[in-house]
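Residues per chain are reported as follows:
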Amino acid sequence: MNRPLLFLDVDGPLNPYAAKPEKRPNGYTTLRVPRDSGSPEDQAGLSARRRPLRVRLNPEHGRALLRLGYELCWATTWMDKANRWIAPVLGLPELPFVDFGDALFQDRPDGVHWKTGPLVDYADGRPFAWVDDEQSDLDQAYVTAHHRGRGLLHHVNPRIGLRGDDFRTLTDFARSLDISRAAG
């Protein structure tokens, strides 16, 4: 039996980037990631003069995510770079990732987040939960209209990142899928 997917955004849920810059949240470690976007400026050597990106991660989140019973999948602008920089700090194995391709950062005229369509396509009818800090009611409506399975869009405050309540919500959603399968 297939486990539900858990689409993981990095910045916001795992890296509470909007936290006060002078105070690292308890339990978090700070990682300095070189800025290497592949832009012409980076290729010209200008990235060496730019300050590294500060990323705050809680290593306990990796174990907690693995215990949830989902198939984990990166749903982040980091894409495959999340396996290089984020997964090791969290103690996660290499995870699949959604390649957003041409949709990356492309605003949609209907107001739906640019990640939403590719995530629904990737899930291909499988139940999923998506943790992010940028979802809206428009995204939920899109998932409801275009996804054959159940989908939980769970907003995480980018000032505090994933917390116990968030993990309980994800656990409850996964259990509700088990109950509906057993009843069906």
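Use the structure listed above.
All values derive from a computational prediction rather than experimental measurement.

### Quick notes on the packing of aromatic side chains
For the structure on display, the rule yields 4 aromatic pairs. Ring centres 5.2 Å apart and planes at 55° place the aromatic pair F105 and W114 in the tilted group. Each member of the aromatic cluster is reached from another via a ring pair, and the members are F7, Y122 and F128.

### What about helix α5 (residues 116-123)?
The buried count for α5 comes to 6 of 8 residues, which makes it a mostly enclosed element. Buried residues belonging to α5 abut β1 (5-8), β5 (128-132) and α6 (137-146). Two residues or fewer after α5 comes D124, characterised by a positive phi angle close to 50°.

### Describing the pattern of salt bridges
Scanning all chains against the criterion turns up 7 salt bridges. Its salt-bridge partner being D165, residue R168 comes within 2.4 Å of it at the nearest N-O pair. You can see R168 and its partner D165 sitting in helix α7 (residues 164-183), 3 residues apart, about one turn around the helix. Linked through salt bridges whose partners overlap, the residues forming this network are D9, K115 and D132.

### Points about α6
Within α6 the residues assigned to the buried category are D139, Y142 and V143. Buried residues of α6, viewed axially, fall in a sector of 95°; they line one side. In α6, those exposed residues whose orientation departs by more than 90 degrees from the buried face are D137, T144 and A145. Looking at the packing, one finds that the buried side of α6 touches α5, β5 and β6 (151-155). Where α6 begins, one side-chain oxygen reaches toward the backbone nitrogen of L138, 3.2 Å away; that side chain belongs to S136.

### Observations regarding the sheet that holds β6
Across the sheet, 4 strands lie side by side as β4-β1-β5-β6; this open sheet has parallel pairing. Strands at the two margins of the open sheet, each flanked by one partner only, are β4 (71-74) and β6. The sheet shows a mean angle of 20° between the axes of neighbouring strands, taken without regard to direction. Summarising the sheet, β1 and β5 pair through 4 bridges and their orientation is parallel. By the bridge assignment, L5 is partnered in β5 with F128. Against the sheet, α5 engages β1, β4 and β5, with an angle of about 155° to β1. Helix-sheet contacts for α6 involve β5 and β6, and the interaxial angle to β6 is about 170°.

### Things to note about unusual backbone geometry
The backbone of M79 sits at a positive phi, close to 40°, despite the residue not being glycine. Residue placement: M79 occurs in the loop between β4 and α3 (81-85). Even without being glycine, D124 reaches a positive phi, approximately 50°. Within the secondary structure, D124 sits in the loop between α5 and β5. Look at D124 and you get exposed, because its relative accessible area is 53%.

### Some points on the packing of α5 against α6
Where α5 meets α6, the axes come as close as 10 Å, and the angle between the chain directions of the two elements is 30°. Classed by the angle they form, the pair α5 and α6 counts as roughly parallel. Judged by the twist between their axes, the crossing of α5 over α6 is right-handed. Contacts between α5 and α6 involve T116, G117 and V120 on the former and, on the latter, D139, Y142, V143 and H146. The residue makeup of the contact of α5 with α6, split by class, is 3 nonpolar, 3 polar and 1 charged.

Reading the values: the criteria
Residues numbered from 1 in each chain as written. Predicted model: local features only at pLDDT ≥ 70, side-chain atom pairs only at ≥ 80, totals over all residues. Heavy atoms only, no water. Phe/Tyr/Trp six-rings, centres within 6.5 Å; stacked < 30°, edge-to-face > 60°. Buried < 20%, exposed > 50% of the residue type's maximum accessible area, 1.4 Å probe, protein only. Helix = DSSP H or I, 4+ residues; strand = E, 2+ residues; numbered from the N terminus. Contact = heavy atoms within 4.5 Å. Salt bridge = Lys/Arg side-chain N within 4 Å of Asp/Glu carboxyl O. Arc of directions from axis to C-beta. Polar contact = N/O pair within 3.5 Å; in protein donor to acceptor, adjacent residues only side chain to side chain. Pairing = 2+ DSSP bridges. Axes fitted to C-alpha atoms, helices over the stretch in contact; angles between N-to-C directions. Parallel < 35°, antiparallel > 145°, perpendicular 65-115°, else oblique. Left-handed = near helix turned anticlockwise from the far one by under 90°. Nonpolar A, V, L, I, M, F, W, Y, C, P; charged D, E, K, R; others polar.

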